Amino acid sequence: MQIDAYVVDAIDAPFVREDLTLDDPGPGEILVRVVGTGVCHTDLNTQGGDMPLPLPGVLGHEGSGVVEVVGEGVDNVAPGDHVIMGWPYCGTCRNCVRGQHRYCVNIGAELLAGVRLHGADAGSSAYTRADGSSLSGHFFGQSSFATYSLTRANAVVKVDKDVDLTLLGPLACGITTGAGAIFSTAQPGPGESVVIIGAGAVGLAAVMAARNTPAATIVAVDLQDNRLELATELGATHTINSGDTDMLDAISEICGGPADYVLDCTGNIKVIEQAADAVGLLGTVILVGGAPAEARFSVDHMRTLFGKTIVGTLGGSSTSHELIPGLIKLHQAGRFPFDRLVTVYDFDEIDTAIHDAHEGGTIKAVLRVSDV
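All residue numbers here refer to positions counted from 1 along the written sequence of the relevant chain. Local features in a predicted model are, by the rule used here, given only for residues with pLDDT of at least 70; side-chain atom pairs are given and counted only at 80 or more, and totals for whole chains, interfaces and linings are based on all residues. As a convention, hydrogens and water are excluded, and side-chain values are obtained from all of the structure's heavy atoms.

Draft legend 1. The arrangement of the packing of aromatic side chains in detail. Aromatic pairs are defined between Phe, Tyr and Trp rings, using the six-membered ring for Trp, whenever the two ring centres lie within 6.5 Å; interplanar angles under 30 degrees are classed as stacked, those over 60 as edge-to-face, and all others as tilted. Within the structure shown, the criterion is met by 6 aromatic pairs. Relative to Phe140, the ring of Trp87 has its centre 5.4 Å away and its plane inclined at 85 degrees; by these criteria the two rings are edge-to-face. With Trp87 in the loop between β5 (82-85) and α2 (94-97) and Phe140 in the loop between β6 (127-128) and β7 (148-152), the pair connects residues that are 53 residues apart, well separated along the chain. Comparing Trp87 with Phe140 shows no difference in burial state: the two are buried. Among the aromatic residues, those joined into a cluster by ring pairs are Tyr6, Phe15, Phe145 and Phe347. Only when the NZ of Lys or the CZ of Arg is both within 6 Å of the ring centre and within 35 degrees of the ring normal is a charge said to sit over the ring. Seen from the ring of Trp87, Arg102 lies directly overhead, with NZ or CZ sitting 4.8 Å from the centre. Comment: elements are numbered from the N terminus, with helices defined as DSSP H or I runs of at least four residues and strands as E runs of at least two. Classification of residues uses two cut-offs on accessible area relative to the type maximum, computed with a 1.4 Å probe and protein chains only: under 20% is buried, over 50% is exposed, and between them is partly exposed.

Below, the structure is given as structure tokens:
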């Protein structure tokens, strides 16, 4: 079928709309009419060459929409269902069998190969240009910067039709990444302290999640006062502007010593090394933000030896099928107001959305691709 999609031709090339041909769904696949899709830093990092999707290609990985067609063997969704397109996974490796879909042994290819990986069409892309040439799709299993998306049925999460579908796309990645880092990885206990560095969409999702735990002290750190003010409204007990305050001294003063958990949502190497110094004995540093490819950081060996944990978390850990419905229920109960982070743009306003996100005024941009 013919679709309208944004294509990135090469590293640092702009997003350009094109008419493409998308194959029909095969066994285990579904065709989704995209209603909304978040614009994430991962899309921009891929455009900039920091993630190895072969270009040209179609990006977008925070999509929500309506099922149009189902392929052979699909029985978990039907045409007309509202869905969020979660992360893909192979379903057969050791980690998938254990229920750790985010850590699928084949996750790199599932997210970034740019081609189908399953069935008779494995190794080929379902996306074709007007001149007949193939290009990468299947980005994070969906390539949702398009009017239609081809995704695997096992990756989608069905949602109630009375929930605003336009807003739900970011639950596929950015929002669940921050919330899952708290719920699945940190799991703070009664009275413990959590420091969240970086008050963008991921960090603020972590703040909202921490507010739903027994943690007594929730500290948000950022360079922008307006984001810190929002963090306070969303549940932070304290804030630190690290542009005019020594972050380590402030954390120690607020927490009465080292913090129990520090989440880095920036991917900045200097900040990560400071985060490691902000926790003490049996403290945990959780790496959430993506640093540039091949980045390295160093920590003091002796102080780390004394019971510190440094752990990475990918996509919020857990699974889309567990975490996303839980966050929607919390949102409906008024306890996870992620909609306050979202600004909706029309599909042809992608450049404006990216600009506004860079300027700091927009926290989570969502493109409205079609009406429900």
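Draft legend 2. Expanded view of helix α5 (residues 201-210). Of all 10 residues in α5, 9 are buried; the element is thus mostly enclosed. The complete set of buried residues in α5 reads Ala201, Gly203, Leu204, Ala205, Ala206, Val207, Met208, Ala209 and Ala210. We call two residues in contact whenever any of their non-hydrogen atoms come within 4.5 Å of each other. On the buried face of α5, the contacting elements are α4 (174-186), β9 (193-197), β10 (217-222), α6 (225-234), β12 (259-264) and β16 (364-368).

Draft legend 3. Just the nonpolar core, in detail. Residues grouped as a nonpolar core are buried Ala, Val, Leu, Ile, Met, Phe, Trp, Tyr and Cys residues, joined through side-chain atoms within 4.5 Å. Membership of the largest hydrophobic core comes to 51 residues, with the highest contact counts inside it found for Leu168, Leu171, Leu263 and Phe336. Elements supplying a minimum of two residues to this core: β8 (156-159), α4, β9, α5, β10, α6, β12 and α10 (320-332). For this core, the leading source of residues is α5, giving 8 residues. In this structure Leu263 touches Ala181, Ile182, Val194, Val195, Ile196, Ile197, Ala206, Ile286 and Val288, once residues within four positions along its chain are discounted.

Draft legend 4. Local environment of the side chain of Ser125. By secondary structure assignment, the location of Ser125 is in the loop between α3 (107-112) and β6. Note on Ser125: relative accessible area 12%, which makes it buried. Of the polar contacts made by the side chain of Ser125, one reaches the backbone nitrogen of Tyr127; its length is 3.1 Å. Here a polar contact means two N or O atoms within 3.5 Å. Within protein one must be a hydrogen donor candidate and the other an acceptor candidate, and residues neighboring in sequence count only if both atoms are side-chain atoms. A polar side-chain atom of Ser125 sits 2.6 Å from the main-chain carbonyl oxygen of Leu135. Residue contacts for Ser125: discarding those within four places in its chain leaves Asp23, Gly114, Val115, Ser134, Leu135, Ser136, Gly137 and His138.

Draft legend 5. Geometry of the sheet that holds strand β13 (residues 279-287). On the basis of which strands lie adjacent, the open sheet formed by 6 strands has the order β11-β10-β9-β12-β13-β14 and parallel pairing. Each end of this open sheet is capped by a strand with a single partner; those strands are β11 (238-241) and β14 (309-312). Taking the axes of each pair of neighbouring strands and ignoring which way they run, one obtains an average angle of 15 degrees across the sheet. Inspection of the sheet shows β12 paired to β13 by 5 bridges, in the parallel sense. Counterpart to Val262 in the pairing with β13 is Val285. Along the sheet, helix α7 (residues 247-255) makes contact with β9, β10, β11 and β12, crossing β11 at roughly 165 degrees. Two strands qualify as a pair provided that DSSP identifies no fewer than 2 bridges between them. Axes here mean lines fitted to C-alpha atoms, for a helix over just the part in contact, with angles spanning 0 to 180 degrees between N-to-C directions.

Draft legend 6. Structural detail: the pairing of strand β4 (residues 63-70). As defined by bridge partners, strand β3 (residues 29-39) adjoins β4 across 7 bridges and the pair is classed as antiparallel. Note that in β4 the partner of Thr37 across the bridge is Gly63.

Draft legend 7. The arrangement of the packing of α4 against α5 in detail. Relative orientation of the contacting elements α4 and α5 amounts to 40 degrees, with a least axis distance of 7 Å. Looking at the two axes, α4 sits oblique to α5. Crossing hand, α4 versus α5: right-handed. Together, Gly174, Ile175, Thr177, Gly178, Ala179, Ile182 and Phe183 of α4 and Ala201, Val202, Ala205, Ala206, Ala209 and Ala210 of α5 make up the contact between the two elements. Note on residue categories: nonpolar means Ala, Val, Leu, Ile, Met, Phe, Trp, Tyr, Cys or Pro, charged means Asp, Glu, Lys or Arg, and polar means any other residue, Gly included. Partitioning the contact of α4 with α5 into residue classes produces 10 nonpolar, 3 polar and no charged. Orientation is classified from the angle alone, with under 35 degrees giving roughly parallel, over 145 giving roughly antiparallel, 65 to 115 giving roughly perpendicular, and any other angle giving oblique. Handedness of each helix crossing follows the sense of rotation of the near helix against the far helix: counterclockwise by less than a right angle gives left-handed, clockwise gives right-handed.

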